[in-house]
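Structural characterization, general
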Amino acid sequence: MRIVALAGGIGGARFLRGLLAAVGPQDEITVIGNTGDDIHLYGLKVCPDLDTVMYTLGGGIHEEQGWGRTDETWSIKAEMKEYGVGPEWFGLGDRDFATHLVRSQMLTAGYSLSQVTEALCVRWKPGVRLLPMSDDRVETHVRITDEQGTRAVHFQEYWVRLHAAVDAEAIIPVGADTAKPAPGVLEALAEADVILFPPSNPVVSIGTILAVPGIRDAVAAAPAPVVGLSPIIGGAPVRGMADKVLAAVGVEATAEAVALNYGAGLIDGWLVDTADEQAVPAVEAAGIACRAVPLLMTDVEATAEMARAALALAEQVRT
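Here is what the cut-offs are and how they apply
Note that residues are indexed from 1 along each chain, following the sequence as it is written. Note on the predicted model: pLDDT of at least 70 is required for a residue's local features to be given, and 80 or more for side-chain atom pairs to be given and counted; whole-chain, interface and lining totals, by contrast, use all residues. Water and hydrogen atoms play no part in the side-chain values, which are based on all heavy atoms of the structure. Here, any two strands with at least 2 DSSP bridges between them count as paired. Helical segments are the DSSP runs of H or I of at least four residues, strand segments are the runs of E of at least two, and each set is numbered from the N terminus. Lines fitted to C-alpha atoms define the axes here, with helix axes fitted over just the stretch in contact, and angles between the N-to-C directions of these axes take values from 0 to 180 degrees. Throughout this description, buried means an accessible area under 20% of the type-specific maximum (1.4 Å probe, protein chains only), exposed means over 50%, and partly exposed covers the range between. Orienting the strands away from the viewer, one traces the path from the first strand over the helix to the second; a clockwise path indicates a right-handed crossover. Pairing of aromatic rings covers Phe, Tyr and Trp, the last through its six-membered ring, and needs centres within 6.5 Å; plane angles under 30 degrees mean stacked, over 60 mean edge-to-face, and all others mean tilted. What makes two residues a contact is simply this: any of their non-hydrogen atoms within 4.5 Å.

The three strands lie next to each other as E7-E6-E8, forming an open sheet whose pairing is antiparallel. Each of the sheet's edge strands pairs with one partner strand only, and the pair in question is strand E7 (149-154) and strand E8 (170-174). On average, each strand axis in the sheet is inclined to that of its neighbour by 30°, with strand direction left out of account. Bridge analysis of strand E6 (residues 139-146) against E8 gives five bridges, and the strand direction is antiparallel. When the bridges of E8 are listed, Arg143 appears paired with Ala170.

It is worth spelling out the pairing of strand E13 (residues 269-272) at this point. Covered by surrounding structure in E13 are Gly269 and Leu271 together with Trp270 and Val272, the residues of both alternating faces. Note that strand E10 (residues 226-229) and E13 share three bridges and pair parallel. Along E13, the bridge assignment pairs Gly228 with Trp270. As defined by bridge partners, E13 adjoins strand E14 (residues 289-292) across four bridges and the pair is classed as parallel. The partner of Val272 across the bridge, within E14, is Ala292. The parallel pair E13 and E14, bridged by helix H12 (residues 280-285), forms a crossover whose chirality is right-handed.

So, about the packing of aromatic side chains. The description of an aromatic ring pair uses the distance of the two centres, along with the angle that the planes make with each other. One pass over the full model with this rule turns up five aromatic pairs. Between Tyr42 and Phe97, the aromatic rings sit 5.7 Å apart at their centres with planes inclined by 45°, giving tilted as the arrangement. Residue Tyr42 is located in the loop between strand E3 (39-41) and strand E4 (44-46), and its partner Phe97 is located in helix H4 (residues 94-108); the two are separated by 55 residues in the primary sequence. Given the relative accessible area of 22%, Tyr42 is considered partly exposed. An angle of 65° between the planes, with centres 5.2 Å apart, marks the rings of Tyr55 and Trp124 as edge-to-face.

Taken in spatial order, the seven strands of this open sheet run E5-E2-E1-E9-E10-E13-E14, and their pairing is parallel. Each edge of the sheet is formed by a strand with only one pairing partner; in this case those strands are strand E5 (129-132) and E14. Across the sheet, the mean angle from the axis of one strand to that of its neighbour is 20°, orientation sign disregarded. Sheet strands touched by helix H11 (residues 255-262): strand E9 (194-197) and E13. Its angle to E13, the strand with the most contacts, is close to 165°. In the packing of helix H13 (residues 300-318) onto the sheet, the strands contacted are strand E1 (2-7), E9, E10, E13 and E14, and the crossing angle to E13 comes to about 150°.

Take a look at the structure:
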């Protein structure tokens, strides 16, 4: 079975770990990773979502945080602070710096982001084929109004420095309209047996991937069933600030509303948590097969059960 998943960072990575536990060694998983969160810091190209997937599946993630390296130290950051070089609000540990140094060195040498990601995965052996959504530069910005007036800030600044405390007025995937899907992305979607939307942020993760011209159309046109898992449980995101960015695009923070925002033209099936079972009839009335199952990723086995439920729904939709 050829499975393609569109994924953001922590939620996507943890779901993928469960998916790997749920499938057999003969199954192939391709992950199309969000690069809209990418940012340039200290002259280095940082790809938070790609790295979170790579570290999580490769056994190097800081489990409590869900991001960054395990057994991390912070000597470089401390030295940068002594030089008065920031930003101080974004933490890159010493081990993490090595990844960004290798990536930036290869990019400067002329390799594409896809080639660099493949090279980095040689070390981590994530068990999936990890593709960036695009080799072109795309950055998600957020329009806000604060004491400095109305302005756009990088998504990382909105989330890490401002902690999403200011309302998001608009989400702008800068560069997405002229970007091209990375090599292999459209082919993977066309050849997939199943396409999955993990419980990643539907706006700034999966939404940004779909904003790259050609990807949304490829998902919609794919012969494979497309099944998503709700990142909203009981009217609130499990983690992160999906409610803030959903409001910016005029979508209510409910499992039902997120499904309807994707629409029957894009997804064929949708899983909601048992706490949101009342949403099932409305989602099915919109032409999307819907089931209520436990969606809390409390451990790998619980997450594997979620993955099995998604694959089972895909089979039901297919038949």
